[in-house]
Amino acid sequence: MTFYFTGIRSFPKLWKSNPYLGLGPGRSSLSLFLKDCYGIRNQEKWFSLKTVSPQNTKAMNLLIAKARYVRKKDEGSSKQVSADSPHMFAAGAAKKRSQMNPPSKEHVLPPVKNIFQLPTKPLNSEEWDKLKEEFKEKANFENWIISQMVKCHSSVDVAKSVLAWVAAKNNGIVGYELLVKYLCLCVFHKQTSEIIDVYEIMKARYKRLESGAYTLLIRGLIHTDRWREALLLLEDIKKVMIPSKKNYNDCIQGALFHQDVNVAWNLYQELLGHDTVPMLETLKAFFDFGKDMKGDQYSNKLQDILLYLRNNQLYPGESFAHSIKTWFESVPGEQWKGQFTTVQQSGQCLGCGKTVESIHLSSEEYDFLKEKIMRDVIDGGDQYKKTTPQELKRFQNFVKYHPPFDIVIDGLNVAKMFPKARESQVLLDVVSQLAKQNLQVLVLGRKHMLKQNSRWRKDDMEKVQKQASFFFADNISEDDPFLLYATLHSGDHCKFITKDLMRDHKACLPDAKTQRLFFKWQQGHQLAIVSRHPGSKITFQHILIYDTVVQTTGDSWHIPYDDDLVERYAYEVPTKWLCLHRKT
């Protein structure tokens, strides 16, 4: 007899009778499956829903997306900017650097071929029995096959026939893990009637659900007329833990979809109260909803979101930026006009001609940052440095009795920037060029650099020491704390040269505010070497003089955003801007 699983309601004994399913490690295998297949996780990496989306074809064009920079020559110096080299903090720069040194092909594994073709139509019990026999080496064929269906987004009807086959063999009972994986498919395909069927049975059967099931049910209910029950599930989660940002996103999206802006905004404020950074798609949803809203109250809410982006140095994606532009231009009576543009090296917006905010810290910000770095990185950052208190004291006395420096160089780091060149010659070229500009230069080195060998010639090092101050640390010491100390102690005018992006030291700082100030200071003070021509000059990259952060003057907004075609690392900043100004 052919037996098709036609509906959940027709199988009252479909689930095992265990009425208590906890949130603990007893469900670790299911949590791992959900994490691998759908990104379900919480703050402990196992509790939120991340829907698998089709591959973004724009990524194929990543290699052709380049940041272009205008060649610039400083007055009275030999510094210039390479037209082909993105700024070291520009979005995509790290990706481009990694492509210059691609991994060896011998380490690339061949693609794994999928030799099994999943059924494309429902099977009856006899057909499933035959298929199981062909895969009898699988310890749990039922779970394995439906896991493959979830990964490949098979049709709900095919998955339903698996459940019918299992139920027919087990007196109408289907295991919990099979049920949740079936729910994954229903949510992906937005089969709301099936989702509600599963929800009804689970609500009646279990006093508490596994965390992944809560997340899936919330995601599945938000677009139904029973969306408020997703809020009840959110409350159930709160009894055990803080819901994930994804849980909040789903509930906020549901509230906005059903025109309840007060519930959405209250959930957003609750999320911020947990000191959790919202998903950008959550913030975008408020702007998309705002196109139909009138009045200052909602407008103020959206401007609060923009200030939140500013204060947390967050950048909207390209789609989000379009939503912001659309909302501004839809505000009645305001006459806002937006355009997508870039900012020149001078800090002037090419869209409106205004100058964006300076990268330089105020005196109060500088003093605050200096104190924090001295305390948390130099004195208290033992986990990030390899030195001794005696050597640090010796260095502090060295800096104290020297005049303020203009440039501090990580000597070993700079010397190794061009592997084919002799290291002492590279360092000599850099120091010589800076010394010709009458700059006070400090080179931080290691004692082994003074020993004659093929990479370090004694005559080169003698020439370097005649043109710059030098501090040689022990060979086991780390240079970065010394570099930060000397640069900050010399004053806000002092710059430093290293290709190290200081991510460890930024992480050592105690809070997000200090970390943002450090990154802002770093962008305005770290010099990068673009190229070196033997017997010729070193080419330095310009230092940013403007701050890449959301900013407003009241009648204008400048919003840096991420280009979809450019992969940006956390320590990089976007190069694209949304310029908004009010027509006069």
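Residues numbered from 1 in each chain as written. Predicted model: local features only at pLDDT ≥ 70, side-chain atom pairs only at ≥ 80, totals over all residues. Heavy atoms only, no water.

Threshold: UniProt positions are given in the numbering used here, feature names are shortened, and annotations may be inferred rather than shown by experiment.
The protein chain goes by Mitochondrial ribonuclease P catalytic subunit in an unreviewed UniProt entry, where it is assigned to Lipotes vexillifer. The record in UniProt for the protein chain states the following under Sequence similarities (unreviewed entry): "Belongs to the PPR family. P subfamily." Looking at the Subcellular location (unreviewed entry) heading of the UniProt record, one finds this comment for the protein chain: "Mitochondrion".

## As for the packing of aromatic side chains
Test applied: Only the six-membered ring of Trp is used, alongside the rings of Phe and Tyr, when aromatic pairs are assigned; centres must lie within 6.5 Å, and planes under 30 degrees apart are stacked while those over 60 apart are edge-to-face, with the rest tilted. Put simply, DSSP H or I for four residues or longer makes a helix, DSSP E for two residues or longer makes a strand, and each gets a number counted from the N terminus. In this scheme, a residue with accessible area under 20% of its type's maximum is buried, one over 50% is exposed, and one in between is partly exposed, where area comes from a 1.4 Å probe on protein chains only.
According to the stated counting rule, one finds 26 aromatic pairs in the structure shown. Ring centres of Phe-141 and Trp-165 lie 6.0 Å apart, and the angle between their planes is 80°; on these two criteria the pair is classed as edge-to-face. Of the two residues, Phe-141 is situated in helix 4 (residues 141-152) and Trp-165 in helix 5 (residues 156-169); the sequence distance between them amounts to 24 residues. For the pair formed by Phe-141 and Trp-165, the shared burial category is buried.

## So, the sheet that holds strand 5 (residues 495-497)
Rules: Any two strands with at least two DSSP bridges between them are considered paired. In this analysis, axes come from line fits to C-alpha atoms, helices being fitted only over the stretch in contact, and the angle between any two N-to-C directions falls in the range 0 to 180 degrees. In what follows, a contact means two residues having at least one pair of non-hydrogen atoms within 4.5 Å.
If you trace the six strands from one edge of the open sheet to the other, you get 4-3-2-5-6-7, paired in mixed fashion. Here the strands that pair on one side only, and so sit at the sheet edges, are strand 4 (469-473) and strand 7 (538-541). Going across the sheet, the axis of each strand differs from the next one's by a mean of 30°, ignoring polarity. As paired elements, strand 6 (residues 526-532) and strand 7 share four bridges and run antiparallel to each other. In the sheet register, Ser-531 faces strand 7, and the bridge partner there is Thr-539. Packing against the sheet, helix 16 (residues 389-400) makes contact with strand 3 (441-446) and strand 4, and its axis sits at approximately 175° to strand 4.

## Things to note about the confidence of the model for the protein chain
This is how it is decided: What pLDDT expresses is the predictor's confidence in each residue, scored from 0 to 100.
Residues with a pLDDT of 70 or more make up 80% of the protein chain, whose mean pLDDT is 81. The low-confidence segment residues 1-29, where pLDDT is below 50, has 74 contacts with residues more than four positions distant or belonging to other chains.

## Structural notes on the nonpolar core
The cut-off we apply is this: Only buried residues count toward a nonpolar core. Its members are Ala, Val, Leu, Ile, Met, Phe, Trp, Tyr and Cys residues joined through side-chain atoms within 4.5 Å.
Judged by nonpolar contacts, the single largest core of 88 residues is most densely connected at Trp-128, Ile-145, Met-149, Met-202, Phe-286, Leu-306 and Ile-324. Element by element, the count of residues in this core is highest for helix 6 (residues 176-188), at 10 residues. Not counting residues within four places of it along the chain, the set of residues in contact with Trp-128 comprises Pro-119, Leu-123, Phe-141, Ile-145, Met-149, Val-158, Ser-161, Val-162 and Trp-165.

## Here's the deal with the environment of Ile-324
Mapping Ile-324 onto the fold places it in helix 14 (residues 318-330). Considered as a pair, Ile-324 and Asp-288 are 36 residues apart in the sequence and their alpha carbons are 8.0 Å apart.

## Digging into helix 5
Applied cut-off: The span expected for a helix works out to 1.5 Å for each residue beyond the first.
Spanning 14 residues, helix 5 covers 20 Å between terminal C-alpha atoms, matching the ideal 20 Å at 1.5 Å per step. Among the 14 residues in helix 5, 11 count as buried, and that is most of the element. Among the residues of helix 5, Val-156, Val-158, Ala-159, Lys-160, Ser-161, Val-162, Leu-163, Ala-164, Trp-165, Val-166 and Ala-167 are the ones counted as buried. The elements touched by buried residues of helix 5 are helix 3 (125-134), helix 4, helix 6 and helix 7 (192-205). Two residues or fewer past helix 5, Asn-171 is found with a positive phi of approximately 55°.

## Quick look at unusual backbone geometry
In the Ramachandran plot, Gln-259 falls in the positive-phi region, its phi being about 70° despite a non-glycine side chain. Within the element layout of this structure, Gln-259 appears in the loop between helix 10 (245-257) and helix 11 (261-273). According to the relative accessible area criterion, Gln-259 is exposed, its value standing at 58%. Of note in the backbone geometry, Gln-313 takes a positive phi value of approximately 50° without being a glycine. With respect to the secondary-structure elements, Gln-313 resides in the loop between helix 13 (296-311) and helix 14.

## Some details on the packing of helix 11 against helix 12 (residues 280-290)
For the record, the criterion: Angular relationships are summarised with four words: roughly parallel below 35 degrees, roughly antiparallel beyond 145, roughly perpendicular across 65 to 115, and oblique for the angles in between. Handedness of each helix crossing follows the sense of rotation of the near helix against the far helix: counterclockwise by less than a right angle gives left-handed, clockwise gives right-handed.
Relative to each other, helix 11 and helix 12 sit at 155°, their axes nearing to 12 Å. Here helix 11 is positioned roughly antiparallel relative to helix 12, judged by the angle of their axes. For the crossing formed where helix 11 meets helix 12, the hand is left-handed. On the side of helix 11, the interface is formed by Val-261, Ala-264, Trp-265 and Tyr-268, while helix 12 contributes Leu-283, Phe-286 and Phe-289.

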